[in-house]
Amino acid sequence: MDLLTINSLSLMGLAVLALFLRYLTTILEFIRLIKWSSTVPGPSIGELMENAKKGQILNWFTELREKYGPTFRIWMGRDLLVFFSDPEDVKQLLSNNSLLHKSRNYSSLEPWLGKGLLTSSGEAWHRRRKLLTPAFHFRILSEFKEPMEENCKILASRLREKCNGEEFDIYPYITLFALDVICETAMGIKKNAQMQSQSEYVRAVQRICHILHTKAFSFWQRTNPFFKYTEPGRERDACLRILHDETNRVIKLRRKMLEDAKIQKMADTENLLDNIGKKKRFAFLDMLLISQMEGVDLTDREIREEVDTFMFEGHDTTSSAIGFAIYLLSQHSEVQQEAFEECMILEGNEKENMPYLEAVIKETLRLYPSVPTYARYITEDLQVGKLTLPKGSNISIMTYLTQRDERYFPEPEKFDPQRFLQKDKEQHPFSFVAFSAGPRNCIGQKFAMLELKCSLSYLLRNFEFLPVKDFKPNALPELVTKSGNGIKIRIKSRGN
Ligand code: HEM
C-alpha cells in the first residue's frame with residue numbers, strides 16, 4: 001500500500017469517527033428511548049399500519065385504551081409517542097409551563113404553515129402569541145358578530161332550496177360559510193365563497209389534510225426522503241400552490257386597502273406600538289400589517305405563515321364543530337326543541353349567554369373534538385404520574401379518549417348536553433379539553449364559540465334538522481376531525 005492510499009484511508013477513518021461522535025449523543029438517546037419504550041405497553045408498528053389502512057384510527061385508539069389503560073405508547077417511524085388520556089395526567093401536562101415545544105409530527109405541516117403560531121416553539125412563539133392575543137379580544141369580537149350574521153343569512157338562503165325533504169350532505173355548505181366568516185372578520189376581506197358552488201381553497205385544505213394524515217401513519221411515506229417526488233408528494237405540492245396563492249392574494253388585497261385608507265398614518269398618530277391592547281385594537285391581519293409598517297421585526301413570509309395558520313385553523317375546526325352539532329341535533333329531536341326554544345327567546349344574545357346552546361356545543365366537541373389529539377416534544381426527562389418520560393420522546397393528549405372517560409362522563413357515547421349544566425356535580429377541570437388549556441391553548445376559542453352560537457342559533461330559528469335513517473358519520477382524525485361520509489341530514493323550513 002502506498003503512502004497516498006494510507007493517507008486517504010486514514011482521512012476516511014477520521015471522517016467516519018467524526019460523524020459517529022457527532023451523532024453519538026443522538027444514537028445513545030435513541031437506544032435509551034427503545035429500552036424505555038419496552039417498559040410501557042403499546043401496539044406494534046405492524047398493527048398501527050394495518051389499522052391506519054382501514055381508516056378506523058379513532059375506534060382503534062378506543063380499543064387500545066381498553067387493552068392497555070389510559071397511557072400507552074406508539075412508535076411512529078423513529079418518533080416515540082406516549083399517549084395520555086387520564087384527566088389527572090392531562091392536567092399535569094397542560095399546566096406545565098416548560099412543556100411548550102410541539103412534537104416533530106407538526107413538522108409535516110411546515111411546508112404549508114411554516115413557523116406560524118400553531119407550529120412554532122420557544123421565543124419566536126412567545127413573541128408572536130403576545131402580539132396576536134389582542135386581535136381576538138372581547139371588544140374586537142363584538143365587531144365580528146354582524147359579518148357573521150350576514151353570512152348566516154346567505155347560508156340560510158342557500159339551504160332553502162334543500163327544504164324538499166330529500167337527504168343531502170350539509171358539510172360543503174358549512175365549509176364555504178366558515179371560510180367567508182374567517183376572511184371577512186380576521187382578514188378584513190370579502191371572499192364571497194358562498195356565492196360559488198365550491199372553493200378551490202377549501203378543496204385543497206381537505207386534500208392536504210388527507211395527504212398529511214396518511215403520511216403520518218404510513219411508515220414508508222413518513223421516512224421517505226424523496227416523498228416530494230412521489231404521487232402524494234406531488235399532489236401535496238399542487239395543494240400548497242393553491243393555498244399559498246390564496247393567502248398571498250388576501251394579504252395583498254388587505255395591504256392595498258390599508259394603504260388606500262391611509263391607515264398607516266392613523267396608526268402613527270395613535271402610536272400603536274406603545275399601546276397595543278390599550279388605545280386601539282385591530283383585527284388579526286391589520287394587526288400584523290400595521291405592526292410591520294411600524295417597524296416590528298416581521299417579514300412578508302412570516303405574515304403569510306400566520307395567515308395560512310389562521311385561515312386553516314379558523315375555518316376547518318369550526319366547520320367540523322358546526323357539522324357534527326347539526327348531525328347530533330338532527331338525531332335528538334328533544335334536544336333540538338330545547339335549543340330552538342332558547343334561541344327564539346335569547347335571539348341576539350349570542351355574544352353573551354345562551355346556556356343550553358353552549359352546552360350543546362360543548363357536548364358536540366366532547367364527542368367529536370375538532371382537534372382530536374395534540375402533542376409535545378420532551379426536551380428534558382419528565383415525570384408524569386408514575387412514569388419518567390425520557391428526553392427525546394413525545395407526549396400526545398388524546399382529547400377523543402379523555403372526553404370519553406366513564407368516571408366523568410357516564411354512558412360516554414350518549415349525546416347529553418345536560419352534563420354541562422349540572423351545577424351540583426363538579427366536573428374534573430381537565431376532563432373536557434377540546435380547546436386545550438394552559439399557555440398553548442386555542443387562541444381562537446372565543447371567536448369559535450361566537451361563530452358556533454351565531455350560526456347554530458340562526459339555523460335553528462329557520463330550519464328543523466331531520467335525521468337520515470341509518471346514517472352515522474365516520475369520524476376521521478385528519479388533523480381536524482372530519483366525517484368521511486359527510487354530514488347527511490334532511491331539513492324543513494320553520495316557515496318564518
Ligand atoms: C371549534 C373550534 C376550535 C377548536 C375545537 C380548537 C381547538 C384547538 C386546540 C385543541 C388547540 C391546541 C393545538 C395544539 O396544541 O397543537 C388549538 C390551537 C390553536 N387554535 Fe384553535 N380551535 C378552534 C377554533 C379556532 C379558531 C376559530 C382559530 C382562529 C381564528 C383557532 C386558532 C388556533 C391557533 C392559532 C392555535 C395555536 C395556538 C398556539 O399554539 O399558541 N382555533 N385550537
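Residues numbered from 1 in each chain as written. Predicted model: local features only at pLDDT ≥ 70, side-chain atom pairs only at ≥ 80, totals over all residues. Heavy atoms only, no water.

Moving on: the site of the ligand. Around the ligand lies a shell of 27 residues, among which Tyr106, Trp125, Arg129, Arg440 and Cys442 are the nearest. At 2.5 Å from an oxygen atom of the ligand is found a side-chain nitrogen or oxygen belonging to tyrosine 106. Taking leucine 117, its main chain carries an N or O atom lying 3.4 Å from an oxygen atom of the ligand. Within the residue set of the shell around the ligand, elements represented by two or more residues are α6 (122-132), α15 (300-331), β4 (373-377) and α19 (445-462). Broken down by element, the shell around the ligand gets its largest block of residues, five residues, from α15. Split by residue class, the shell around the ligand holds 16 nonpolar, six polar and five charged. (Near = heavy atom within 4 Å. Polar contact = N/O pair within 3.5 Å; in protein donor to acceptor, adjacent residues only side chain to side chain. Helix = DSSP H or I, 4+ residues; strand = E, 2+ residues; numbered from the N terminus. Nonpolar A, V, L, I, M, F, W, Y, C, P; charged D, E, K, R; others polar.)

Here we come to a negative patch on the surface. Side chains of Glu63, Glu66, Glu406 and Glu411 sit close together on the surface and give a patch of like negative charge. Residue position: glutamate 63 is located in helix α3 (residues 57-68). (Patch = residues over 30% accessible without salt bridge, like charges linked within 9 Å, V, L, I, M, F, W, Y side chains within 5 Å. Areas by Shrake-Rupley, 256 points an atom, 1.4 Å probe, with all protein chains shown as cover. Salt bridge = Lys/Arg side-chain N within 4 Å of Asp/Glu carboxyl O. Lys, Arg positive; Asp, Glu negative; His and termini not counted. Charge placed at Lys NZ, Arg CZ, Asp CG, Glu CD.)

A word on the UniProt feature "binding site: heme" (unreviewed entry) in the protein chain. UniProt records the feature "binding site: heme" (unreviewed entry) for Cys442 in the present numbering. By secondary structure assignment, the location of cysteine 442 is in the loop between α18 (399-402) and α19. Discounting chain neighbours no more than four positions away, the residues touching cysteine 442 are Arg129 and Phe435. (UniProt positions renumbered as here; feature names shortened; annotations may be inferred. Contact = heavy atoms within 4.5 Å.)

Let us now look at unusual backbone geometry. Positive phi is not limited to glycine here, since asparagine 192 has a value of about 60 degrees. Position of asparagine 192 relative to the elements: it lies in the loop between α8 (171-185) and α9 (200-217). Even without being glycine, leucine 479 reaches a positive phi, approximately 70 degrees. Note on placement: leucine 479 falls in the loop between β9 (475-478) and β10 (480-483).

Before going further, it helps to spend a moment on α3. Residues spaced three or four apart along an α-helix point in a common direction, a consequence of the helix completing one turn every 3.6 residues. Taking 1.5 Å as the rise per residue, α3 with 12 residues should run 16 Å; its terminal C-alpha atoms sit 16 Å apart, in good agreement. Where α3 is concerned, the buried positions are Ile57, Leu58, Trp60, Phe61, Thr62, Leu64 and Arg65. (Expected span 1.5 Å × (residues − 1). Buried < 20%, exposed > 50% of the residue type's maximum accessible area, 1.4 Å probe, protein only.)

Right, let's talk about the side chain of threonine 318 for a bit. With respect to the secondary-structure elements, threonine 318 resides in helix α15. At a separation of 3.4 Å, a polar atom in the side chain of threonine 318 contacts the main-chain carbonyl oxygen of glycine 314.

This paragraph deals with the sheet that holds strand β8 (residues 463-466). Here we have three strands laid out as an open sheet, ordered β3-β11-β8, and antiparallel in their pairing. Either end of the sheet is taken by a strand with one partner, and the two such strands are β3 (168-169) and β8. The sheet contact formed by β8 and strand β11 (residues 488-493) spans four bridges and is antiparallel. Along β11, the bridge assignment pairs leucine 466 with arginine 490. (Pairing = 2+ DSSP bridges.)

Between side chains of opposite charge, pairing is possible as soon as their charged atoms come close. One pass over the structure, following the stated rule, counts 32 salt bridges. Between aspartate 237 and arginine 236 there is a salt bridge whose closest N-O contact spans 3.1 Å. Arginine 236 shares its class with aspartate 237; the two are buried. Among the salt bridges present, the one from aspartate 260 reaches lysine 256, with a minimum N-O distance of 3.0 Å. You can see aspartate 260 and its partner lysine 256 sitting in helix α11 (residues 231-260), four residues apart, about one turn around the helix. Through salt bridges with shared partners, a single ionic network connects Lys145, Glu149, Glu347, Glu350 and Arg461.

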